[in-house]
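Residue-level listing of the chains:
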Amino acid sequence: MPEASESTVVGWREWISLPDLGVGWMKAKLDTGARTSSIHAYDVQEFERDGVAWVRFAVRPWQKSTDDIVVTELPVHDRRDIRSSNGQLQHRIVVRTTLSIAGHRIPTEFTLTDRDAMGFRMLVGREALRQGFLVDSCRSYYGGRPGAATRRRNRGHA
């Protein structure tokens, strides 16, 4: 575990990417109260490939838009019972992929869930953040922002 002086400071919300999935930019909430990261996944379909459990799902990176949907397939890493923000226990599929945040690429576990009613399509939890990040709850987008055109797409303006 890195020393505090080695940590990268990030804000409570950041622009991230999922390079292995082809998701260039997505807004995420960094939540030290959540253990595992989660992503808003659509059209989740489980299947088997060479005797191994896989999952196919769609990611919509923009908050108020169905543009730029990314469909991906990943091996199922695990299945976990997760208590959601409203206190309900949910059984979720867990996948692993690379998260890019504030110029760093880290392996991260994500649960697949319906975050449509939430303010952010992605939540980054403690397991990812403990890989060298310190969250400043007074700051936003400390790790940088994409260009204005990308930010407009996220707000539903093409």
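Everything discussed here concerns the structure shown above.
Digging into the pairing of strand β5 (residues 42-49)
Piece 1. Pairing of β5 with strand β6 (residues 52-59), which is carried by six bridges, proceeds in the antiparallel orientation. The residue bridging glutamine 45 from the neighbouring strand is arginine 56, located in β6.
Piece 2. A loop of two residues connects β5 with β6, the two strands running antiparallel in sequence, and aspartate 50 in this loop sits at a positive phi of about 50°.

Overview of the pattern of salt bridges
Piece 1. Counted by the stated rule, this structure contains eight salt bridges.
Piece 2. Here arginine 49 and glutamate 73 are joined by a salt bridge, their closest N and O atoms 2.5 Å apart. Residue arginine 49 is found in strand β5, and its partner glutamate 73 is found in strand β7 (residues 70-75); the two are separated by 24 residues along the sequence.
Piece 3. Glutamate 73 sits in the partly exposed class, given a relative accessible area of 29%.
Piece 4. One network of salt bridges, with partners in common, ties together Asp78, Arg80, Arg96 and Glu109.

The rules behind the values
Residues numbered from 1 in each chain as written. Predicted model: local features only at pLDDT ≥ 70, side-chain atom pairs only at ≥ 80, totals over all residues. Heavy atoms only, no water. Pairing = 2+ DSSP bridges. Helix = DSSP H or I, 4+ residues; strand = E, 2+ residues; numbered from the N terminus. Salt bridge = Lys/Arg side-chain N within 4 Å of Asp/Glu carboxyl O. Buried < 20%, exposed > 50% of the residue type's maximum accessible area, 1.4 Å probe, protein only.

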